[in-house]
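# Structure assessment
Chain residues, written in single-letter form:
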Amino acid sequence: MSAPLAERLRPKTLDEYIGQKHLVGPDAVLRRMIDSGRISSFILWGPPGVGKTTLAQIIANKLATPFYTLSAVTSGVKDVREVIEKAKGNQFFSTASPILFIDEIHRFSKSQQDSLLGAVEQGIVTLIGATTENPSFEVIRPLLSRCQLYVLKSLDKDELLELLHHALEKDVELSRRNIELKETDALLRYSGGDARKLLNILELVVEATPIKEQVVITDRLVAERLQQNPLAYDKNGELHYDIISAYIKSIRGSDPDAAVYWLARMIEGGEDPAFIARRLVISASEDIGLANPNALLLANAAFDAVTKIGWPEGRIPLAEATIYLATSPKSNSAYCAINDALQLVRRTGNLPVPLHLRNAPTQLMEELGYHKGYKYAHDYENNFVEQQFLPDGLTSQRIWHAQSNAQEDKLRERMVQLWKERYKD
């Protein structure tokens, strides 16, 4: 029995690799690193079927270094440690460190990820991780800080067509068949930017036709062979990102009907409930924020409930939270404030903390004026006393600006009462 078409056509070199030109094209960052013969640990983040595993294997072949593979689905801490011990035995001064490729690294637990830190830090292995989930949420910060992050994109129409023609021209088994590629819209639509899915569909369509007959590939034939909802089939491709975008924007736009519709589309397509719940938590902070602080509490509660009960009942707390967020008043003042504060910090650098705000745990620090002049707010009327909290040079800087809603109107009134002119927008 022959290997699947996607496996038969797996590229062996970067010249055969289709897509991700921003990473492996001429003079691109990964291409330069690979050509230099030395790579650092990195994580590949992108949707399924865009070449993460293939790219890791090409790098290993190019560098002629030992290559170990672990799947986060089936491997535990013991497996990680065993591979690290093998890697120690395969280290040579004149060669690059052995490569450890971990597929679906987002599924590794914290303890599993912790077990990698020492080996990556000491250069015992060069880690290449692959993930379809945002590493900021799924990869522990110490490990993420030791790795570069490269984002892979879904293949575009031209890249998919290039792959399609390459398969028909170069694959030994397909070349034996009489195949006419008459229409491609359905092939491209169903594949959703996923190279592996495209090749699987092509193989399915061809194999469903008797060997001696000509295969005329049309949109209708592809739809008949698949016999399934193209939207559900595409749930892990580009549509995955389009629908979650429509979902969040419907919540932000205060349209509960549209928000629940897009939620239903994700549920029907088999989306990971935790992914939906995470987006709700983000939306509650970014788009509702201080206009209704209870939104974050409800979104967190929905996340917790979904984690405990899963599908199909998880649809109920997700729907409740979705409607609550969509119908809540909106404010992004906290979101804007932290973004503005980050820009201010990057622009002004590490300004010193005012002496009176510093603690003085030692006599020397006390003699240097640490903590001197600090006023304890609870010793004053209304638990407030005016004093400087920002660094010198930024004392008049405004960062948070209240927006017009019932909750923030109250907050603004309190700030004006306490700080007078400073908080009068």
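Here, every reference points to the structure presented above.
So, here is what we can say about the structure in this document. Residue indices begin from 1 for each chain and proceed along its sequence in written order. Local features in this predicted model are restricted to residues of pLDDT 70 or higher, and side-chain atom pairs are both shown and tallied only at a pLDDT of 80 or more, whereas totals for entire chains, interfaces and linings draw on every residue. Derived side-chain values reflect all non-hydrogen atoms in the structure, with water molecules and hydrogen atoms excluded from consideration.

### Thoughts on the overall build of the chain
Operational definition: For helices the rule is a DSSP run of H or I covering at least 4 residues; for strands it is a run of E covering at least 2, with both sets numbered from the N terminus onward. In this treatment the radius of gyration is a C-alpha quantity, and the globule benchmark scales as 2.2 Å times the residue count to the 0.38 power. Buried means the residue's accessible area, taken with a 1.4 Å probe over protein chains only, is under 20% of the maximum for its type, while exposed means over 50%, and partly exposed covers the values in between. Per-residue and other accessible areas follow the Shrake-Rupley method at a 1.4 Å probe size, with only the shown protein chains counted as cover for residues. Only four residue types enter the tally: Lys and Arg on the positive side, Asp and Glu on the negative side, with His and both chain ends excluded. A single reference atom marks each charge: NZ on Lys, CZ on Arg, CG on Asp, CD on Glu.
Scanning the chain for helices and strands turns up 22 helices and seven strands. Compactness check: the chain gives a C-alpha radius of gyration of 28 Å against a globular reference of 22 Å for 425 residues, more than 25% above the reference. Principal-axis analysis of the C-alpha atoms places the extent of the chain at approximately 90 × 60 × 40 Å. By the burial criterion, 43% of the 425 residues in the chain qualify as buried. Accessible surface computed for the chain: about 23300 Å², of which carbon and sulfur atoms make up 51%. With 50 positive and 55 negative side-chain charges, the chain shows a separation of 3 Å between the mean positions of the two kinds.

### A look at the nonpolar core
When a protein is soluble and globular, its nonpolar side chains tend to lie buried together. So the rule is basically this: The definition of a nonpolar core used throughout is a set of buried Ala, Val, Leu, Ile, Met, Phe, Trp, Tyr and Cys residues joined through side-chain atoms within 4.5 Å. Should any heavy atoms of two residues lie within 4.5 Å, those residues are considered in contact.
By size, the foremost hydrophobic cluster in this structure holds 51 residues, and its most contacted members are Leu30, Ile39, Ile59, Ile128, Leu202 and Val222. A per-element tally of this core places helix α12 (residues 195–207) first, with seven residues. Contacts of Leu202, omitting those with residues within four sequence positions, involve Leu5, Leu164, Ala167, Leu168, Leu174, Leu187 and Ile217.

### Section: a nonpolar patch on the surface
Selection criterion: For patches, a residue must show more than 30% relative accessible area and have no salt bridge; joins then use 9 Å for like charges and 5 Å for nonpolar side chains, namely Val, Leu, Ile, Met, Phe, Trp and Tyr. Any Lys or Arg side-chain nitrogen found within 4 Å of a carboxyl oxygen on Asp or Glu counts as a salt bridge.
Together, Tyr374, Tyr376 and Phe389 line one region of the surface with nonpolar side chains, adding up to about 300 Å² of accessible area. With respect to the helices, strands and loops of the structure, Tyr376 is situated in the loop between α21 (363–367) and α22 (406–419). On the accessibility criterion, Tyr376 (44% relative accessible area) is partly exposed.

### Thoughts on the sheet that holds strand β4 (residues 126–131)
Applied cut-off: Paired strands, as defined in this entry, are two strands with at least two bridges between them according to DSSP. Note on geometry: axes are lines fitted to C-alpha atoms, helical ones only across the stretch in contact, with angles between N-to-C directions running from 0 to 180 degrees.
Taking strand neighbours across the sheet as the criterion, the five strands line up as β2-β3-β4-β1-β5 in an open arrangement whose pairing is parallel. Of all the strands in the sheet, just β2 (67–71) and β5 (148–151) have a single pairing partner and so form its edges. Mean inter-strand twist for the sheet, computed between neighbouring axes without regard to direction, equals 20°. Across five bridges, the pairing between strand β3 (residues 99–103) and β4 is parallel. When the bridges of β4 are listed, Leu100 appears paired with Leu127.

### Notes on the packing of helix α9 (residues 157–170) against α12
Quick note on the threshold: Here roughly perpendicular refers to angles of 65 to 115 degrees, roughly parallel to angles under 35, roughly antiparallel to angles over 145, and oblique to all remaining angles. When the near helix sits turned anticlockwise from the far one by under a right angle, the crossing is termed left-handed; a clockwise turn instead gives a right-handed crossing. Each residue receives one of three labels: charged for Asp, Glu, Lys and Arg, nonpolar for Ala, Val, Leu, Ile, Met, Phe, Trp, Tyr, Cys and Pro, and polar for the others, Gly being one of them.
Running from N to C, α9 and α12 point in directions that differ by 40°, and their axes come no closer than 10 Å. Comparing their axes, α12 and α9 come out oblique. Here α9 runs over α12; the crossing is right-handed. Counting all contacts with α9, which are made through Leu160, Leu163, Leu164, Ala167 and Leu168, the residues of α12 involved are Ala195, Leu198, Leu199 and Leu202. A per-class count over the contact of α9 with α12 returns nine nonpolar, no polar and no charged.

### Details of the packing of aromatic side chains
Going by this rule: Only the six-membered ring of Trp is used, alongside the rings of Phe and Tyr, when aromatic pairs are assigned; centres must lie within 6.5 Å, and planes under 30 degrees apart are stacked while those over 60 apart are edge-to-face, with the rest tilted. Two limits define a charge over a ring: the Lys NZ or Arg CZ must be within 6 Å of the ring centre, and within 35 degrees of the ring normal.
Tallying each qualifying case throughout the model produces five aromatic pairs. Summarising the aromatic geometry, the rings of Phe42 and Tyr150 are spaced 5.4 Å apart at their centres and angled 65° between planes, so their arrangement reads as edge-to-face. With Phe42 in strand β1 (residues 42–45) and Tyr150 in strand β5, this residue pair connects regions lying 108 residues apart in the sequence. Between Phe389 and Trp419 the ring centres are 6.5 Å apart and the planes differ by 75°, which places this aromatic pair in the edge-to-face class. In this pair, Phe389 sits in the loop between α21 and α22 while Trp419 sits in helix α22, placing the two residues 30 residues apart along the sequence. According to the relative accessible area criterion, Phe389 is partly exposed, its value standing at 43%. With a relative accessible area of 13%, Trp419 lands in the buried category. A connected cluster of aromatic rings, assembled from ring pairs, spans Phe384, Phe389 and Trp419. One cation-aromatic arrangement involves Arg358 over Tyr370; the distance from NZ or CZ to the ring centre is 5.0 Å.

### As for the environment of Glu138
Along the chain, the position of Glu138 falls in helix α7 (residues 135–138). Between the C-alpha atom of Glu138 and that of Gln148, which follows or precedes it by 10 residues, the distance is 15 Å. Not counting chain neighbours up to four residues away, the residues in contact with Glu138 comprise His106, Gln113, Glu133 and Arg278.

### Comments concerning the packing of helix α17 (residues 273–288) against helix α19 (residues 315–327)
One way to put it is that α17 packs onto α19 with a least axis distance of 11 Å and a crossing angle of 20°. Judged by the inter-axis angle, α17 sits roughly parallel to α19. The element α17 and its partner α19 pack so that their crossing is left-handed. Seen from α17, the contacting residues are Pro273, Ile276, Ala277, Leu280, Ser283, Ala284 and Ile288; seen from α19, they are Leu318, Ala321, Thr322 and Leu325. Split into classes, the residues belonging to the contact of α17 with α19 amount to nine nonpolar, two polar and no charged.

### As for the side chain of His356
Convention followed: Between N or O atoms, a polar contact is any pair within 3.5 Å; within protein, one atom must be a potential hydrogen donor and the other a potential acceptor, and residues adjacent in sequence are included only when both atoms are from side chains.
Along the chain, the position of His356 falls in the loop between α20 (333–348) and α21. Accessibility expressed as a relative area gives 14% for His356, which makes it buried. Within the local environment of His356, its side chain forms a polar contact with the backbone oxygen of Gln388, the two atoms lying 2.7 Å apart. Once residues lying within four places of it in the same chain are set aside, the contact partners of His356 are His371, Lys372, Gly373, Tyr374, Gln387 and Gln388.

Taken by themselves, the reported measurements are silent on function.
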